[in-house]
Amino acid sequence: MKKKNLILLLLAIVFFPILKVDALSLNYNLPEEVNLGETFKVEISVDDNDLLIKAIEGVLSFDFNSFELVNINSPFNEWIKEPYLNEDNKIYFSGLFDSILNNNIFNLVFKKNKDAVFELGLDSGTILADDELFSIDKIVPLSGGIFNISSPTHPDSKVWYNESKVKLNWMVPSDASKIKILIDENEEAYPSVEYSDPIISEKEIELDDGVWYFHIRYFGDDQWSDIETKKIMIDTEKPKDFDFYIKDKVINFISEEDLSYELIISSINQEYTALENSFDFSFLKSGEYIVLVKAYDRARNYIEKQILIKIEGVPSPHFSGAILDKNNLYISGYIEIDDAKVITSISGEDMNKQEVLKVSSDGKFVYYIEDLKPGLYYLNLFAVKDSNLSEENKKVILIVDNSIDCKVIAEILIGYGLAILALLLIYILGGKDKKIKKNKK
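Residues numbered from 1 in each chain as written. Predicted model: local features only at pLDDT ≥ 70, side-chain atom pairs only at ≥ 80, totals over all residues. Heavy atoms only, no water.

**A closer look at the sheet that holds strand E22 (residues 278-280)**
Think of a sheet as strands paired side by side through backbone hydrogen bonds, with each pair either parallel or antiparallel. Strand order across the open sheet formed by three strands is E18-E19-E22, with antiparallel pairing between neighbours. The open sheet is flanked by strand E18 (243-247) and E22, the only strands paired with a single partner. With strand direction ignored, the average angle separating the axes of adjacent strands in the sheet is 15 degrees. Summarising the sheet, E18 and strand E19 (residues 250-254) pair through five bridges and their orientation is antiparallel. Counted as the bridge partner of tyrosine 245 is asparagine 252 from E19. (Pairing = 2+ DSSP bridges. Helix = DSSP H or I, 4+ residues; strand = E, 2+ residues; numbered from the N terminus. Axes fitted to C-alpha atoms, helices over the stretch in contact; angles between N-to-C directions.)

Here it is in structure tokens:
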């Protein structure tokens, strides 16, 4: 019997467009002020808690780029499928009940990852209750008060919006015989526009830029209620302009308005936010970059500019000479730029060593290694400045033999970053005839 009831209830939901009777809303609590990286709980409930709910199904959406869903829990265990986040980043729920839902249906725990206003949207929903089938036509944030005034277009009274068309919703108390509303620029105004037949529960109006106030009260039980007010802030104008200058690999922004700046470097597929109206690009490698800058005002209106930045490459160190004396190696060289570090690394024969060399005021440096074992070594030399490596690493191959007991001056060949320092014992011992033959070749 239970299985039969389950099938009938599911069919009722599936064929809802044919069986539609009335509409209900879902409610959710607006979170208090939440800092970036913090979590907060949102409770989902039905706006009529006296209904005997038998089945419910729906899909909720949210800004998944700004908020992360980290947990879902429910006081009920009769779900056909527990509420979950699907592959489209939407929250799906479907369940069978036989309960009066005095509290919430389920809870959602979110984490705030970006500075944005939290809002839940309703994609679809149906409820089977008191042997009637209802559509869920909206999800309403609960902000408190008698009317629970909300706005899908301008939800947060502390935030400026660039949309001039305002939609307002409110809940009408059951004992209300009429209401009065007013929208003006006076925070203490008295609502005077009356609605009684019918009593409306929503309003849509086009407003100019500025700070506006929506006022509402109702008449019931032979008296007027207190006035409730919602603040609405609108700014549709784009920022006028901004300027900038570049100094020490930092873009500094200047504007008469309080703007925030986002930077997009498409060549490396990265987006950045300017901190304190400046952007340090010293981490970029040498080259040319086109930076798209978007300057946003308080209502997220923006203008944009392109900035070309050029980062010069770091020249490689140069070798001056090398001396091998009883398996002790001396390397000398110079670098053509100031305030750069020269780093050397040598590997081979169980050796893997890296060292930052001291550079004199005229750009010269010396590298000294003691007691090299016979064998093959690779010596790399490169420069670093402002987190940028030199364009080419100078590489040298060293062949060391323990039979050498005299000084040898190594010849260094440099081409596209490859320098070969060769101390060839065979070349020395090959004799004069070999040398002449080789020269002829």
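**Remarks on the pattern of salt bridges**
Counted by the stated rule, this structure contains nine salt bridges. Here lysine 112 makes a salt bridge to aspartate 115, at a shortest N to O gap of 3.9 Å. The exposure class assigned to lysine 112 is buried, which follows from its relative accessible area of 11%. By relative accessible area, aspartate 115 is classed as exposed at 70%. Taking the shortest distance from any N to any O, the salt bridge between aspartate 241 and lysine 305 comes out at 3.2 Å. Residue aspartate 241 is located in the loop between strand E17 (228-234) and E18, and its partner lysine 305 is located in strand E24 (residues 302-311); the two are separated by 64 residues in the primary sequence. (Salt bridge = Lys/Arg side-chain N within 4 Å of Asp/Glu carboxyl O. Buried < 20%, exposed > 50% of the residue type's maximum accessible area, 1.4 Å probe, protein only.)

**Observations regarding the nonpolar core**
Counting 29 residues, the largest nonpolar core has Leu26, Val42, Ile44, Leu60, Leu108, Phe110 and Leu120 as the members making the most contacts within it. With four residues, the single largest contributor to this core is strand E2 (residues 39-46). For leucine 60, the residues in contact, after removing those within four places along its chain, are Leu26, Ile44, Lys90, Ile91, Phe93, Phe106, Leu120, Gly121, Leu122 and Ile139. (Core = buried A, V, L, I, M, F, W, Y, C linked by side-chain atoms within 4.5 Å. Contact = heavy atoms within 4.5 Å.)

**Some remarks on the sheet that holds strand E21 (residues 270-273)**
With respect to topology, four strands assemble into an open sheet ordered E21-E20-E23-E24, the strand pairing being antiparallel. The open sheet terminates on both sides in strands that have one partner only, identified here as E21 and E24. Between one strand and the next, the sheet's axes are offset by a mean angle of 25 degrees, whatever the strand orientation.

**Examining the packing of aromatic side chains**
Under the defined criterion, the tally for this structure stands at 20 aromatic pairs. Aromatic pair phenylalanine 147 and tyrosine 218: ring centres 5.8 Å apart, planes at 80 degrees, arrangement edge-to-face. You can see phenylalanine 147 sitting in the loop between strand E9 (132-142) and strand E10 (160-161) and its partner tyrosine 218 sitting in strand E15 (residues 210-220), a full 71 residues away along the chain. Given the relative accessible area of 0%, phenylalanine 147 is considered buried. Given a relative accessible area of 12%, tyrosine 218 falls into the buried group. Aromatic side chains phenylalanine 219 and tryptophan 224 sit 5.2 Å apart centroid to centroid with 65 degrees between the ring planes, which places their arrangement in the edge-to-face category. Since its relative accessible area comes to 28%, tryptophan 224 is described here as partly exposed. Among the aromatic side chains, those forming a connected cluster through ring pairs are Tyr28, Phe40, Phe62, Phe67, Phe110 and Phe118. (Phe/Tyr/Trp six-rings, centres within 6.5 Å; stacked < 30°, edge-to-face > 60°.)

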